[in-house]
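# Results of the structural survey
Here are the chains, one letter per residue:
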Amino acid sequence: MDFITKIKQSSDYLKKEINIKPDIGLVLGSGLGILADEIKNKTTIKYSDIPNFPKSTVKGHKGQLVIGELEGKKVIAMQGRFHYYEGYPLKDVTFPIRVMKDLGIEKLIVTNAAGGANKSFKPGDLMIIKDHINFGFDNPLIGENFEELGPRFPDMSNAYSKDLINTAYDVSKELNIDIKEGNYMFLTGPSYETPAEIKMVTYLGADAVGMSTVPEVIVAVHSGIEVLGISCITNMAAGILEQPLSHKEVIETTEKVKDDFIMLIRKILFNI
Ligand code: HPA
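Read on for an overview of the structure. (Residues numbered from 1 in each chain as written. Predicted model: local features only at pLDDT ≥ 70, side-chain atom pairs only at ≥ 80, totals over all residues. Heavy atoms only, no water.)

### A few points about the pattern of salt bridges
Once their charged atoms are close, side chains differing in charge can pair, the charge on each being opposite to the other. Summed over the entire model, instances satisfying the criterion amount to 13 salt bridges. Between Lys107 and Glu226 there is a salt bridge, and its shortest N-O distance comes to 4.0 Å. Of this pair, Lys107 sits in strand 5 (residues 107–116) while Glu226 sits in strand 9 (residues 226–236), placing them 119 residues apart in sequence. In this structure, the salt-bridge partner of Lys180 is Asp178, at a minimum N-O distance of 2.9 Å. What makes Asp178 exposed here is its relative accessible area of 52%. (Salt bridge = Lys/Arg side-chain N within 4 Å of Asp/Glu carboxyl O. Helix = DSSP H or I, 4+ residues; strand = E, 2+ residues; numbered from the N terminus. Buried < 20%, exposed > 50% of the residue type's maximum accessible area, 1.4 Å probe, protein only.)

### Observations concerning the packing of helix 1 (residues 3–17) against helix 3 (residues 95–103)
Orientation of helix 1 relative to helix 3, taken along the N-to-C sense of each, is 60°, at an axis distance of 9 Å. As far as their axial angle goes, helix 3 and helix 1 are oblique. For helix 1 against helix 3, the interelement crossing comes out right-handed. Note on element contacts: helix 3 touches helix 1 through Phe95, Arg98, Val99, Asp102 and Leu103, opposite Phe3, Lys6, Ile7, Lys8, Ser10, Ser11, Leu14 and Lys15. Taken together, the residues of the contact of helix 1 with helix 3 sort by class into six nonpolar, two polar and five charged. (Axes fitted to C-alpha atoms, helices over the stretch in contact; angles between N-to-C directions. Parallel < 35°, antiparallel > 145°, perpendicular 65-115°, else oblique. Left-handed = near helix turned anticlockwise from the far one by under 90°. Contact = heavy atoms within 4.5 Å. Nonpolar A, V, L, I, M, F, W, Y, C, P; charged D, E, K, R; others polar.)

### Focus on a negative patch on the surface
A cluster of acidic side chains, namely Asp2, Glu144, Glu147 and Glu148, defines a negative patch on the protein surface. Mapped onto the elements of the fold, Glu147 is located in the loop between strand 6 (126–134) and helix 4 (162–174). Here Glu147 falls in the exposed class, since its relative accessible area comes to 58%. (Patch = residues over 30% accessible without salt bridge, like charges linked within 9 Å, V, L, I, M, F, W, Y side chains within 5 Å. Areas by Shrake-Rupley, 256 points an atom, 1.4 Å probe, with all protein chains shown as cover. Lys, Arg positive; Asp, Glu negative; His and termini not counted. Charge placed at Lys NZ, Arg CZ, Asp CG, Glu CD.)

### Looking at helix 1
An ideal rise of 1.5 Å per residue puts 21 Å on 15 residues; helix 1 measures up with 22 Å between its terminal C-alpha atoms. Of all the residues in helix 1, the buried ones are Phe3, Ile4, Ile7, Ser10, Ser11 and Leu14. Buried residues along helix 1 cover an arc of 135° about the axis, so they all sit on one side. (Expected span 1.5 Å × (residues − 1). Arc of directions from axis to C-beta.)

So this is what it looks like as structure tokens:
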């Protein structure tokens, strides 16, 4: 089956299950899935029930779509995402973005847990992603390009919408959240970085590192979707503090910031 037919098949299945057309997509990262619990009048659909969807394997990731209303907006949220390190090709990692586009989303808010490489950050900070560096040495657009999905050579000079960044910034001020801004670098994982790699990361201009988001943003931009990215700095990246990194710390930090995170995203949704 060709790629377009696969997308249509997934999206036709979802259209039968839901009775709204979503306008905004949300990708909820590790520990941040709780936001989907706030969605009203919701329909929940397990990834495993959707034709052509891969299956999520990471603990702390639920693996389902939640569709409904939040702050008066029609949203479709991914509670859990697919990662390159799980072994999926980037075409599969980003497949849900193609399907959400086909369902009608025009904006996408992507979130993630990230390691802070910028020494002025601290665990628990929220960071607006200004721009990214693809350090995964792969790209979801490699292979045949389907013009109906987007151009062969998409411009990435404004991958993260200035309007959405400004809204996120204004909203965080109103909420008294000391939000950070920075560049996010995608590395494949699943091993965390070494201190030497983090030194390199900072030389290259990244403020935060993580194992997701960039492939999804590339596909969203290719599809003509407006993107906002928010990282939760769950830990300082390797070598910055004298302590080992752990997934437990990542989840514990997201637990601590969840109230701010939920308030922030809700208020952004209200304003866009
Ligand atoms: N490195 C990469 N990915 C991450 C980190 C990190 O330090 N923290 C959360 N996700």
